Amino acid sequence: MELNWVEVSADPSVEPCEYFAEVEGYQFPGIWRLYSVSNDESYWLFTDRDGKEVARLELDEAPTLSHAGYDPGVPDSHTVQIVFLDVRSSFRGHGVGRWVAHWVDSHYPDRRVVALAKEEAEGFWRAIGWEESLLQDDPRKAPMFASPMA
């Protein structure tokens with residue numbers, strides 16, 4: 001599988017909501033129309049070779065995980081957090097999410113990539129081999145999954 005990508009936050013004069021048009025099949029359809037770009041976040045749009053939109057991604061390049069009680073195994077300055085990874089329903093189960101997660105990991109080779117998982121996404125992160133970090137201080141917090149250490 002090969003996907004194309006564009007960083008929709010690369011042009012600060014254009015809000016991401018202008019790129020994230022209403023497209024059916026996303027689990028979080030409204031969330032992509034709300035954001036304005038912060039300096040630490042980037043937004044990405046992925047398409048297949050036919051130009052069909054297949055996934056959306058929000059990254060935080062300066063997360064403060066340690067302040068929230070998470071330990072990614074490296075300092076916060078050496079992490080990148082996947083805030084949202086949303087694959088269109090018609091493309092789920094075809095390796096798109098795995099491809100995007102691998103792309104993020106390879107796009108930031110000197111940083112550890114982490115994701116805080118909603119309950120319905122925990123199986124996905126386990127299936128792609130990411131390590132789960134359970135919090136000791138508050139079991140109500142979402143578990144963190146981290147890319148394997150090189």
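Whatever comes next refers back to the structure up there.
For the structure given in this document, a descriptive report is provided here.

Rules used throughout
Residues numbered from 1 in each chain as written. Predicted model: local features only at pLDDT ≥ 70, side-chain atom pairs only at ≥ 80, totals over all residues. Heavy atoms only, no water. Helix = DSSP H or I, 4+ residues; strand = E, 2+ residues; numbered from the N terminus. Buried < 20%, exposed > 50% of the residue type's maximum accessible area, 1.4 Å probe, protein only. Contact = heavy atoms within 4.5 Å. Areas by Shrake-Rupley, 256 points an atom, 1.4 Å probe, with all protein chains shown as cover. Salt bridge = Lys/Arg side-chain N within 4 Å of Asp/Glu carboxyl O. Core = buried A, V, L, I, M, F, W, Y, C linked by side-chain atoms within 4.5 Å. Pairing = 2+ DSSP bridges. Axes fitted to C-alpha atoms, helices over the stretch in contact; angles between N-to-C directions. 1 Å grid on protein atoms, 1.4 Å probe; cavity = no way out; pocket = protein on both sides within 12 Å on 5 of 7 lines; lining within 4 Å. Points joined across faces, edges and corners; volume = space filled by probe spheres on them.

1. Some words on the overall build of the protein
Scanning the protein for helices and strands turns up 3 helices and 7 strands. Walking the protein from its N terminus toward its C terminus, one meets helices and strands in the order β-α-β-β-β-α-β-α-β-β. Split into buried and exposed, the 150 residues of the protein put 43% on the buried side. Considering only contacts within the protein whose residues lie at least 6 apart along the sequence, 61% involve residues at least 24 apart. Element-wise, carbon and sulfur atoms account for 50% of the exposed surface of the protein, whose accessible area totals about 8300 Å².

2. Comments concerning the pattern of salt bridges
Counted by the stated rule, this structure contains 5 salt bridges. Of the charged contacts, one joins Asp 86 and Arg 92 as a salt bridge, the two residues approaching to 3.8 Å between their closest N and O atoms. Overall, Arg 92 belongs to the partly exposed group, its relative accessible area being 38%. Connected through shared salt-bridge partners, Glu 122, Arg 126 and Glu 132 make up one network.

3. Describing the nonpolar core
Within the largest apolar cluster, 26 residues are counted, with the highest numbers of intra-cluster contacts made by Phe 46, Leu 57, Ile 82, Val 100, Val 104, Trp 125 and Trp 130. Secondary structure elements with two or more residues in this core: β2 (41-47), β3 (53-60), β4 (79-87), α2 (96-107) and β5 (112-116). With near-sequence residues (within four places) excluded, Val 100 lies in contact with Leu 3, Phe 46, Ala 55, Leu 57 and Leu 85. Core analysis: the second largest hydrophobic core is formed by 5 residues, Leu 65, Tyr 70, Met 144 and Ala 146 among them.

4. Focus on the sheet that holds strand β7 (residues 144-146)
Ordered by their spatial adjacency, 7 strands build an open sheet running β1-β2-β3-β4-β5-β7-β6, and the pairing between neighbours is mixed. Each edge of the open sheet carries a strand with a single partner, namely β1 (4-7) and β6 (131-133). In this sheet, neighbouring strand axes are inclined to one another by 30° on average, regardless of whether the strands run parallel or antiparallel. Bridging between β5 and β7 involves 3 bridges; their strand directions are antiparallel. Residue pairing across strands places Val 114 opposite Ala 146, the latter belonging to β7. Each of β1, β2, β3, β4 and β5 is contacted by α2, which is oriented at about 40° to β3, the strand it contacts most.

5. Things to note about the layout of surface pockets
Considering only enclosed or pocket space, the largest pocket measures out at about 630 Å³ in volume. The wall of the largest pocket is formed by 27 residues, among which Gln 27, Leu 85, Ala 121, Phe 124 and Trp 125 lie closest to the centre. Elements that contribute at least two residues to the lining of the largest pocket include exactly β4, α2, β5 and α3 (122-127).

Function cannot be inferred from these measures alone, as they are strictly geometric.
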